[in-house]
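Residue strings, one per chain:
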Amino acid sequence: SRADGKIPGQVLLSIRTKEEKVTAAIEALRRAKFKFAGRQKIFVSKMMGFTKFTKDDYEKYKARGRLIHDGITMNWLSSRGPLHRLIGRGGG
């Protein structure tokens, strides 16, 4: 812990934006980091939004129908379990 209360390596601010707005977001964060004491880094994630999937994997799994929308994140639909869940029919 430092005198300003920040822990080294702690995420101070996280934003999510569209691909075409990344340069504007980086510029906004570059200007905002002058308001914080110490050295600040801007990191552009390879992940899709706040999910645990990379952008390539996200598009691939979404096209296959393997992702289920769950509020702010996406859940992975594994290949285990009842077949009607994977095929898309309501079994019974």
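Scroll up a little and you will see the structure.
Residues numbered from 1 in each chain as written. Predicted model: local features only at pLDDT ≥ 70, side-chain atom pairs only at ≥ 80, totals over all residues. Heavy atoms only, no water.

**A short note on the environment of Asp56**
The criterion, for reference: Helix and strand labels come from DSSP, where a helix needs a run of H or I of at least four residues and a strand needs a run of E of at least two; each type is numbered from the N terminus. Accessible area is worked out with a 1.4 Å probe on protein chains only. A residue is then buried under 20% of its type maximum, exposed over 50%, and partly exposed in between.
Residue placement: Asp56 occurs in helix α2 (residues 55-64). Since its relative accessible area comes to 64%, Asp56 is described here as exposed. In the structure, Asp56 is positioned 10 residues away from Lys46 in sequence and 9.1 Å away in space, judged by C-alpha atoms.

**Quick notes on the pairing of strand β1 (residues 67-70)**
To keep things clear, this is the line we draw: One bridge is not enough; two strands pair if DSSP finds at least two bridges between them.
In this sheet, strand β2 (residues 73-76) lies alongside β1 in antiparallel orientation, the contact comprising four bridges. Following the sheet pairing, Ile68 is matched in β2 by Asn75.

**Quick look at the side chain of Thr51**
Rule in force here: N or O atoms closer than or at 3.5 Å make up a polar contact, with two conditions inside protein: a donor-capable atom paired with an acceptor-capable one, and, for residues adjacent in sequence, both atoms drawn from side chains. Residue contacts are counted whenever heavy atoms from the two residues lie within 4.5 Å of one another.
Among the structural elements, Thr51 can be located in the loop between α1 (22-32) and α2. Judged by relative accessible area, Thr51 falls into the buried class, the value being 14%. Only 2.5 Å separates the side chain of Thr51 from the backbone oxygen of Met48, close enough to count as a polar contact. There is a polar contact of 3.4 Å between the side chain of Thr51 and the backbone nitrogen of Phe53. The contact partners of Thr51, leaving out residues within four places of it in the chain, are Thr73 and Met74.

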